[in-house]
Amino acid sequence: MAWVFPSCPRESGAARVGPPSPGQGCSHRGASLQGLLRTRGATVRPHHPAVAWVESPADTQPLLRRLLPGGHSAQPMSGELLSEAPSLGWDRAGTEATEGALLRGPRHRAAAAQCGEKSVGGAPGFTGHDLPSLLSSSAPPAPTMMPAGGQERSEGSRPGLPCPTKNGNEDWMSALCPRLWDIPLHHLAIPGSHDTMTYSLNRRCPISHTQSPLLQLLAKALPCVTLPTVLKWSVTQVLTVTEQLDAGVRYLDLRIAHMPEGSAKNLHFVHMMYTTLLVEDTLTEICEWLEGHPREVVILACRNFEGMTKDLHEYLVTCIKNIFGDMLCPRGEVPTLRQLWARGQQVLLSYEDEAARSRHRVLWPGAPYWWGDQVKPEKLICYLEHMKSCGRPDGVFVAGINLTENLQYILAHPSQSLRKMTLRGLPRLGAWVREQCPGPGPRCTNIIAGDFIGADTFVSDVIRLNEKLLGC
């Protein structure tokens, strides 16, 4: 049975999609693949109209209906239209660990739909036989980003951070000098963000189970004091993942966890606290951004897996394959931009679990991360210079300019936060960044990752390092 999921742009506000009942994980990932129908309480963008088409067993109908925004329902599509899918340019996405299969258009493009007066069985938006015309519609507008908690965030709530979409770095890779298109990615200078997803943390997020028993006890006994304190030392980013990509970030540090209290397939991000965002939805958001920037390439580092079993790794890798499809670059020799563009590939997936890598060719070895674990910029720079003197790794690797607090520092600076500590050290760290050189040499750097992207000229400084390769 095939089901069609409409999204209507005439609705006001963000529609909420009800989560499955406890213990009932939604594994079909149909509309989540295009980021248009969110599951488990995520937000649907009603101004981002589209159609998702999911093939599923009839007995999943009650679950599918519960995942739709208010006023919509899952509608069965005729076998005649279903048989037309290949001729319309739609392909069947492999779903070895999912129920059914998603039919999606070329380059993962959802069919743009205008919600009009037509309807199918009471569902507003279109009739099933409008699908061919929808495929030729123009792409939907870019979504308005919403922070965790569902409240629109104004620029005034982010003092000192310039608008990330106005720095001219959205398509910096395609704007590089053509001489740089034939240089392998691990010899380029690439800006990255450390603990990319921490912008979504809030005071309601639970403490990670890997934290000390004392901290977990304090979080339960004195949550009004403990949680805000942990939060201000956990948040390393303010910009959303889409805003970071717009700002020019091309390495994303994704630390993935399964909460013991969560349902069987709920995967979150973690940094001292578990995020409210789900991994599948964030990966979909990244995929959507890449579809709008077909000559940009990202390195996704899935790492620090917490509470992950073999089955959960298989589930995650299946989600990754379903979401990115042929955007994924298989493991092998580190490619150049020109090679990736020729193959239509945009994602290198660094994955720290060796057992999972042995089963899937799309997973690359975990990218080494030089983490200094220092409070003071001067000591962090000494550590990074020492690592450079030891020689660079063979593949892609990361030099982290992120400062790290310790208990002694926190107790001595009760009014401080990671943001304040970082901003104070940025001038010295920024000067070190501008001194670096990409390339194949033993002391050359590759990816440089930092905290609080957008607070200074860090991203642009890293991108400009590539100009040094033109003088070689």
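Residues numbered from 1 in each chain as written. Predicted model: local features only at pLDDT ≥ 70, side-chain atom pairs only at ≥ 80, totals over all residues. Heavy atoms only, no water.

Q: Is there a simple way to explain the overall build of the protein in this structure?
A: For the protein, the helix and strand inventory stands at 14 helices and 19 strands. Split into buried and exposed, the 472 residues of the protein put 57% on the buried side. Of the contacts formed within the protein by residues at least 6 apart in sequence, a portion of 76% connects residues at least 24 apart. Split by element, the accessible area of the protein, about 19,400 Å² in all, is 56% carbon and sulfur. (Helix = DSSP H or I, 4+ residues; strand = E, 2+ residues; numbered from the N terminus. Buried < 20%, exposed > 50% of the residue type's maximum accessible area, 1.4 Å probe, protein only. Contact = heavy atoms within 4.5 Å. Areas by Shrake-Rupley, 256 points an atom, 1.4 Å probe, with all protein chains shown as cover.)

Q: How should I be thinking about helix H13 (residues 418-434) in this particular structure?
A: Helical geometry: 3.6 residues make up each α-helical turn, so side chains three or four residues apart lie on a common side. Here H13 is 17 residues long and its end C-alpha atoms lie 23 Å apart, about the 24 Å a rise of 1.5 Å per residue gives. At leucine 426, H13 shows its largest kink, close to 50°, and the proline proline 427 lies no more than four residues downstream. All buried positions along H13 are accounted for by Leu418, Met421, Thr422, Gly425, Leu426, Leu429, Gly430, Trp432 and Val433. On its buried face, H13 is in contact with helix H5 (223-232), helix H11 (377-389), strand S18 (398-400), helix H12 (407-412), strand S19 (447-450) and helix H14 (458-464). (Expected span 1.5 Å × (residues − 1). Bend = angle between axes of the 7 residues up to and from the residue.)

Q: Sorry, what's going on with the nonpolar core here?
A: Generally speaking, nonpolar side chains in soluble globular proteins are found buried as a group. Counting residues in hydrophobic clusters, the biggest one holds 103 residues, and the most contacted among them are Leu283, Leu300 and Phe324. The greatest single-element share of this core, amounting to eight residues, is contributed by helix H8 (residues 310-324). Apart from residues lying up to four places away in sequence, leucine 283 is in contact with Leu254, Leu300, Leu316, Ile320, Ile323 and Phe324. (Core = buried A, V, L, I, M, F, W, Y, C linked by side-chain atoms within 4.5 Å.)

Q: Quick question: what am I supposed to make of H5 here?
A: Thr226, Leu227, Pro228, Val230 and Leu231 are the residues of H5 that are buried. Summarising the contacts, the buried residues of H5 are in contact with helix H4 (213-221) and strand S13 (273-278).

Q: Is there a simple way to think about the packing of H4 against H5 in this case?
A: How two helices sit against one another is set out by the angle between their axes and by the gap between those axes. The interhelical angle for the contact between H4 and H5, taken along N-to-C directions, is 125°, at an axis separation of 6 Å. Comparing the axis directions of H4 and H5 gives the class oblique. Counted together, Leu215, Leu218, Ala219, Lys220 and Ala221 of H4 and Pro223, Thr226, Leu227 and Val230 of H5 form the full contact between these two elements. Grouping the constituent residues of the contact of H4 with H5 by class yields seven nonpolar, one polar and one charged. (Axes fitted to C-alpha atoms, helices over the stretch in contact; angles between N-to-C directions. Parallel < 35°, antiparallel > 145°, perpendicular 65-115°, else oblique. Nonpolar A, V, L, I, M, F, W, Y, C, P; charged D, E, K, R; others polar.)

Q: So what exactly am I meant to see when it comes to the environment of glutamate 435 here?
A: Within the fold, glutamate 435 resides in the loop between H13 and S19. Remark: the alpha-carbon pair of glutamate 435 and leucine 465, spanning 30 residues in sequence, is separated by 8.4 Å.

Q: Would you mind showing me how to read the packing of H11 against H13 here?
A: Two elements in contact, H11 and H13, have axes whose closest approach is 9 Å; the angle formed by their N-to-C orientations is 20°. Put simply, H11 runs roughly parallel to H13. Of the two elements, H11 crosses H13, and the hand of that crossing is right-handed. Taken together, the residues of H13 that come into contact with H11 (itself represented by Pro377, Glu378, Leu380, Ile381, Leu384, Glu385 and Lys388) are Gly425, Arg428, Leu429 and Trp432. For the contact of H11 with H13, the class distribution of residues is six nonpolar, one polar and four charged. (Left-handed = near helix turned anticlockwise from the far one by under 90°.)

Q: Would you take a moment to explain a nonpolar patch on the surface for this structure?
A: A surface patch of nonpolar side chains, amounting to about 480 Å² of accessible area, comprises Leu214, Leu217, Leu218, Leu222 and Val225. Considering each element in turn, the nonpolar patch owes the most residues, three residues, to H4. For leucine 217, the position within the fold is in helix H4. Of the residues examined, leucine 217 reaches a relative accessible area of 55% and is grouped as exposed. (Patch = residues over 30% accessible without salt bridge, like charges linked within 9 Å, V, L, I, M, F, W, Y side chains within 5 Å. Salt bridge = Lys/Arg side-chain N within 4 Å of Asp/Glu carboxyl O.)

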